[in-house]
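Structural characterization, general
Here are the chains, one letter per residue:
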Amino acid sequence: MSKIRIGIVGYGNIGRGVEQAIKRNEDMELAAVFTRRDPASVKVATEGAKVVHMDDMLSMKGDVDVMVLCGGSATDLPVMGPEIAANFNTIDSFDTHAKIPEYFANVDKAAKEGNNISIISVGWDPGMFSLNRLYAESILVQGSTYTFWGKGVSQGHSDAIRRIPGVKNAIQYTVPVDEAVDQVRSGSEPKLTTRDKHTRECYVVAQEGANKAEIENAIKTMPNYFDAYNTTVHFISEEELKRDHSKMPHGGFVIRTGETGEEGNKHVIEYSLKLDSNPEFTASVLIAYARAAYRLNQKGENGARSVFDIAPALLSMKTPEQLRKEIL
């Protein structure tokens, strides 16, 4: 059986996680890593995989079945997503929720023009959490849905801080407010604002001579990322960041509470994740959806999709017969 040939665009935390995930999926192989850096300076862990400069990506057309885009949502993916979708099947983890409709439309247009499939916003939120919100709301049609993230490192928010002028490095933690979680689990269906549910903790290494007050203000007022939250900014040294904040744990939970029947029987649906490595888990989700993108494109389909549009069976290496026998 021929293997699905994967291209990794960007070789950061998620890109390296995708490479490791490919090794655990026997129907896939890494064809190439694409980088903005000098390819000679990038050492990958997969023997035989090519390292190619971004500018030379089209030279690999026909040699890559699915491109996994591992850029940041703040500035990379809005440009990269449509451009690459015009020439390759793509998967990405675009996670700026407020801009997903606009991003979907741009990628959809490019993918249709190129006769490719592009599945956007794949990961655990958006992604797995999105699916669980949909399932729960479809079952408990009268009720309330709550999503909590953390405590953990948000890659997208950390990347957004690192783009601020004067920032050398940064890590951001999302922290649920315990009192809010307890209210939700009680089934009381509280009315909670964004600020009520989470706080954000930022650990920032400033460049020498940078204006820390300006950096802090830029973080706290950043639309779609920090402006709606109680945010604390801590300025620390590079050594402290490496010592105390080198791991990337995360997790969270989706809770749906609702009632059924004439007597108003109460129900709680909860889906939770506890992740040692946010990028490695996200990479594993991306790879499962890369399989789906390949299969859809082989059937002649094109255009953009979200996780809502993908049948679960398309994610699995197992045949439909195996799934019905072993899992159903």
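Conventions and cut-offs
Residues numbered from 1 in each chain as written. Predicted model: local features only at pLDDT ≥ 70, side-chain atom pairs only at ≥ 80, totals over all residues. Heavy atoms only, no water. UniProt positions renumbered as here; feature names shortened; annotations may be inferred. Pairing = 2+ DSSP bridges. Helix = DSSP H or I, 4+ residues; strand = E, 2+ residues; numbered from the N terminus. Axes fitted to C-alpha atoms, helices over the stretch in contact; angles between N-to-C directions. Contact = heavy atoms within 4.5 Å. Parallel < 35°, antiparallel > 145°, perpendicular 65-115°, else oblique. Left-handed = near helix turned anticlockwise from the far one by under 90°. Nonpolar A, V, L, I, M, F, W, Y, C, P; charged D, E, K, R; others polar. Domains from an automatic or database assignment. Buried area = accessible area lost by both parts, 1.4 Å probe. Salt bridge = Lys/Arg side-chain N within 4 Å of Asp/Glu carboxyl O. Polar contact = N/O pair within 3.5 Å; in protein donor to acceptor, adjacent residues only side chain to side chain. Patch = residues over 30% accessible without salt bridge, like charges linked within 9 Å, V, L, I, M, F, W, Y side chains within 5 Å. Areas by Shrake-Rupley, 256 points an atom, 1.4 Å probe, with all protein chains shown as cover. Buried < 20%, exposed > 50% of the residue type's maximum accessible area, 1.4 Å probe, protein only.

For the chain, the name recorded in an unreviewed UniProt entry is Meso-diaminopimelate D-dehydrogenase, with Dorea formicigenerans as its organism. Under the heading Subunit (unreviewed entry), UniProt records this for the chain: "Homodimer." Regarding the chain, the UniProt comment filed under Sequence similarities (unreviewed entry) reads as follows: "Belongs to the diaminopimelate dehydrogenase family."

This part takes up the sheet that holds strand β6 (residues 117-119). Strand order in the open sheet formed by seven strands is β3-β2-β1-β4-β5-β6-β14, and the pairing between neighbours is parallel. Each edge of the open sheet carries a strand with a single partner, namely β3 (50-53) and β14 (303-305). On average, each strand axis in the sheet is tilted by 25° relative to the strand beside it, whichever way the strands run. Relative to strand β2 (residues 28-35), strand β1 (residues 4-9) is paired through six bridges, and the arrangement is parallel. When the sheet's bridge partners are listed, Gly7 is paired in β2 with Ala32. Against the sheet, helix α1 (residues 13-23) contacts β1, β2 and β4 (66-69), and its axis sits at roughly 165° relative to β1. Here helix α2 (residues 76-85) sits on the sheet in contact with β1, β4, β5 (89-92) and β6, set at roughly 180° to β4.

On to the packing of α2 against helix α3 (residues 100-114), then. Between α2 and α3, the least distance of the axes is 7 Å, while the angle of their chain directions is 20°. Considering the angle they form, α2 stands roughly parallel to α3. Every pair of crossing elements has a handedness; the one defined by α2 and α3 is right-handed. Taken together, the residues of α3 that come into contact with α2 (itself represented by Leu77, Pro78, Gly81, Pro82 and Ala85) are Tyr103, Asn106, Val107, Ala110 and Ala111. Looking at the contact of α2 with α3, its residues break down into eight nonpolar, two polar and no charged.

This part covers the domain arrangement of the chain. According to the domain assignment, the chain contains domain 1 (4-123 + 279-321) and domain 2 (128-276). Summarising the inter-unit geometry, the C-alpha centres of domain 1 and domain 2 are found 25 Å apart. On the side of domain 2, 15 residues touch domain 1, which itself brings 21 residues to the contact. Summing both partners gives a buried area of about 1,400 Å² for domain 1 against domain 2, and 61% of it is carried by carbon and sulfur. Of all residues in domain 1, Pro279, Phe281 and Phe308 give up the largest surface area on contact with domain 2, accounting jointly for 31% of the area buried on that side. The interface formed by domain 1 and domain 2 includes one salt bridge. Across the pair Asp76 and Arg163 runs a salt bridge whose closest N-O atoms are separated by 2.9 Å. In this structure, the connection of domain 1 to domain 2 is made through four residue pairs in polar contact (both at pLDDT 80 or more). Those elements that place two or more of their residues in the side of domain 1 that touches domain 2 are α1 and α10 (278-298). Broken down by element, the residue count for the side of domain 1 that touches domain 2 peaks at five residues, all from α10. Within the side of domain 1 that touches domain 2, the residues separate by chemical class into 10 nonpolar, eight polar and three charged.

Our focus in this paragraph is a nonpolar patch on the surface. A surface patch of nonpolar side chains, amounting to about 480 Å² of accessible area, comprises Leu134, Tyr135, Ile139, Ile269 and Phe308. Ranked by residue count, the leading element in the nonpolar patch is helix α4 (residues 128-139), at three residues. Looking at the element boundaries, Tyr135 is found in helix α4.

Looking now at the sheet that holds strand β8 (residues 152-153). Ordered in space as β8-β9-β10-β11, the four strands form an open sheet in which the pairing is mixed. Taken across any chain shown, the strands that pair with only one partner, and hence form the sheet edges, are β8 and β11 (230-235). The pairing of strand β9 (residues 167-176) with strand β10 (residues 198-206) spans nine bridges and is antiparallel. Within the sheet, the bridge partner assigned to Gln172 lies in β10 and is Cys202. Helix α8 (residues 212-220) contacts β9, β10 and β11 of the sheet and is inclined by roughly 150° relative to β11.

All right, on to the pattern of salt bridges then. One pass over the structure, following the stated rule, counts 16 salt bridges. Through salt bridges with shared partners, a single ionic network connects Arg36, Asp76, Asp159 and Arg163.

Let us now look at unusual backbone geometry. Residues Asp125 and Pro126 are joined by a peptide bond in cis, for which omega reads 0°. Here Pro126 is to be found in the loop between β6 and α4. Here Gly150 and Lys151 are connected by a cis peptide whose omega angle stands at 0°. As for its placement among the helices and strands, Lys151 is situated in the loop between β7 (143-149) and β8. Residues other than glycine seldom take positive phi values, yet Asn115 does so here, at roughly 60°. With a phi close to 55°, Ser121 is a non-glycine residue in the positive phi region. On the secondary structure map, Ser121 appears in the loop between β6 and α4. Its relative accessible area of 6% is what places Ser121 among the buried residues.

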